[in-house]
Amino acid sequence: MDALLTLARPDMISVDAMIRRHMDSPVPVIPALADHLIAGSAKRLRPLLTIAAARLAGAQDDACLKLAAAVEFIHTATLLHDDVVDSSQLRRGRVAAHLIWGAPSSVLVGDFLFARAFELMVGAGSMPALEILARASRVIAEGEVLQLTRAHDLHLSQEVYLDIIKAKTAELFAAAAESGAVSAGAPPERRRALRKYGQDLGLAFQLVDDALDYSGDSETLGKNPGDDFREGKATLPLLLTMARTGASEREFWIRTVDRREQTAADFDRACELMRETGALQSTLDLAAAYAASAKAALEGFGANPWRPALEDLADFAVARLA
């Protein structure tokens, strides 16, 4: 990601300063709790994507900066809410905010960040961008609720799983890229191309994250490995493994995923079955296919230093397991 980070550095310095200003509040717990999570985001992928899409689409001004900051606030707000729902212990390598300040404060600060995001969107003065990011906020919430209602579902289909991650993860990637294109005044075909890039990039990232939960470590993940398994989340590696082990392991999956009656050895057993069945590799293969599709969406942009940098970002999405 070095090329992209270098290209975006001047813009991201401005975005970071804007984020800091808009985190401020006379209520002390709000900036303290928000900073705990936001300071842990080293790369700020989603606002970075907004900047890169705007510059690739020809933006010469700073209209995209407020939208990039708004995207980061939307993302951070969803993380605060998710960690409460999932009872997560770690986020971005730090103790989850709700364990320090409590669940009510985490939820309410998430609401504050959503409100700040909408103030920034209004300040950007682009009704199409406001519509894109407002729709994304709604779709993300729908995805989270769908995931919650299908938790521990041993019969979840791959199609529904992809619908969930398209809503809860890929939608904000897509909206980040599309809103950047809008801020640059890009024509509809370029807006669609950058939205497609963002969506497929987001799907690749989430698929690799789901694989990493069974093969990564706390430093790579920023959370504890095995959290998805302990929470009974039916992610693609788990769904493929359950389908491929069939009746021979059915009681194991009912006990550990459906009833969540787990012993210390169960996570290791699940990881072993994933390796034996090739479920992890199949998940990574699908992630690679989405990354390739994201890169293909950029083909119409011609020679531009931002294009290879965004192609590298798609490669990075699937190289994190190496």
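Reading the values: the criteria
- Residues numbered from 1 in each chain as written.
- Predicted model: local features only at pLDDT ≥ 70, side-chain atom pairs only at ≥ 80, totals over all residues.
- Heavy atoms only, no water.
- Helix = DSSP H or I, 4+ residues; strand = E, 2+ residues; numbered from the N terminus.
- Expected span 1.5 Å × (residues − 1).
- Bend = angle between axes of the 7 residues up to and from the residue.
- Buried < 20%, exposed > 50% of the residue type's maximum accessible area, 1.4 Å probe, protein only.
- Phe/Tyr/Trp six-rings, centres within 6.5 Å; stacked < 30°, edge-to-face > 60°.
- Contact = heavy atoms within 4.5 Å.
- Patch = residues over 30% accessible without salt bridge, like charges linked within 9 Å, V, L, I, M, F, W, Y side chains within 5 Å.
- Areas by Shrake-Rupley, 256 points an atom, 1.4 Å probe, with all protein chains shown as cover.
- Salt bridge = Lys/Arg side-chain N within 4 Å of Asp/Glu carboxyl O.
- Axes fitted to C-alpha atoms, helices over the stretch in contact; angles between N-to-C directions.
- Parallel < 35°, antiparallel > 145°, perpendicular 65-115°, else oblique.
- Left-handed = near helix turned anticlockwise from the far one by under 90°.
- Nonpolar A, V, L, I, M, F, W, Y, C, P; charged D, E, K, R; others polar.
- Polar contact = N/O pair within 3.5 Å; in protein donor to acceptor, adjacent residues only side chain to side chain.
- 1 Å grid on protein atoms, 1.4 Å probe; cavity = no way out; pocket = protein on both sides within 12 Å on 5 of 7 lines; lining within 4 Å.
- Points joined across faces, edges and corners; volume = space filled by probe spheres on them.

A short note on unusual backbone geometry
Okay, step 1: At H152, a position not held by glycine, the phi torsion is positive, near 65 degrees.
Okay, step 2: By the secondary structure assignment, H152 is in the loop between α7 (127-149) and α8 (158-183).
Okay, step 3: Backbone geometry at R260 places phi at a positive 55 degrees, although glycine is not the residue there.

With respect to α8
Every α-helical turn comprises 3.6 residues, leaving residues that sit three or four positions apart pointing alike.
Okay, step 1: With 26 residues, α8 should cover 38 Å at 1.5 Å per step; its first-to-last C-alpha distance of 35 Å lies within 8% of that length.
Okay, step 2: Of all the bends in α8, the largest measures some 50 degrees and sits at A170.
Okay, step 3: For α8, the buried fraction is high: 22 of the 26 residues fall into the buried class.
Okay, step 4: Downstream of α8 by one or two residues, G185 has phi in the positive range, about 70 degrees.

A few points about the packing of aromatic side chains
Okay, step 1: Scanning the model with the defined rule gives six aromatic pairs in all.
Okay, step 2: Taking 4.9 Å as the distance between ring centres and 70 degrees as the angle between the ring planes, the aromatic pair formed by F252 and W253 counts as edge-to-face.
Okay, step 3: Assessed through its relative accessible area of 10%, F252 is described here as buried.
Okay, step 4: Given a relative accessible area of 2%, W253 falls into the buried group.

Quick look at the side chain of R307
Okay, step 1: Take R307: it is sitting in helix α16 (residues 306-319).
Okay, step 2: Filtering out sequence-adjacent residues up to four positions away, R307 remains in contact with L56, L298, E299 and G302.

Things to note about a nonpolar patch on the surface
Okay, step 1: On the surface, V95, L99 and I100 cluster together into a nonpolar patch covering about 250 Å² of accessible area.
Okay, step 2: When you line up the elements, L99 lands in helix α5 (residues 97-101).

Topic: the packing of helix α13 (residues 250-258) against helix α14 (residues 266-277)
Okay, step 1: Axis separation between α13 and α14 bottoms out at 12 Å; the angle between their running directions is 125 degrees. Compared by their axis directions, α13 and α14 come out oblique. Crossing of α13 over α14 shows left-handed handedness. Contacts between α13 and α14 involve F252, W253, R255 and T256 from the former and D266, R269, A270 and L273 from the latter.
Okay, step 2: In terms of residue class, the contact of α13 with α14 is built from four nonpolar, one polar and three charged.

A closer look at the pattern of salt bridges
Should the charged atoms of two oppositely charged side chains come close, the side chains can pair.
Okay, step 1: Evaluation of the coordinates by the stated rule reveals 21 salt bridges.
Okay, step 2: Between D16 and R44 there is a salt bridge, with the nearest N and O atoms lying 2.6 Å from each other. Of the two residues, D16 is situated in helix α1 (residues 2-23) and R44 in the loop between α2 (29-38) and α3 (45-56); the sequence distance between them amounts to 28 residues.
Okay, step 3: Note that K233 is salt-bridged to E231, the shortest N-O span being 3.5 Å.

Thoughts on the side chain of T256
Okay, step 1: Within the secondary structure, T256 sits in helix α13.
Okay, step 2: A polar side-chain atom of T256 sits 2.8 Å from the main-chain carbonyl oxygen of F252.
Okay, step 3: In contact with T256, not counting residues within four places along its chain, are F229, E261, Q262 and D266.

Structural notes on the layout of surface pockets
Okay, step 1: Here the second largest pocket defines a volume of roughly 210 Å³.
Okay, step 2: In terms of lining residues, the second largest pocket is bounded by L154, H155, L156, Q158, L236, L239, L240, M242, A243, G246, R250 and W253.
Okay, step 3: If you list the elements that add at least two residues to the lining of the second largest pocket, you get α12 (236-245) and α13.
Okay, step 4: The element that contributes the greatest number of residues to the lining of the second largest pocket is α12, accounting for five residues.

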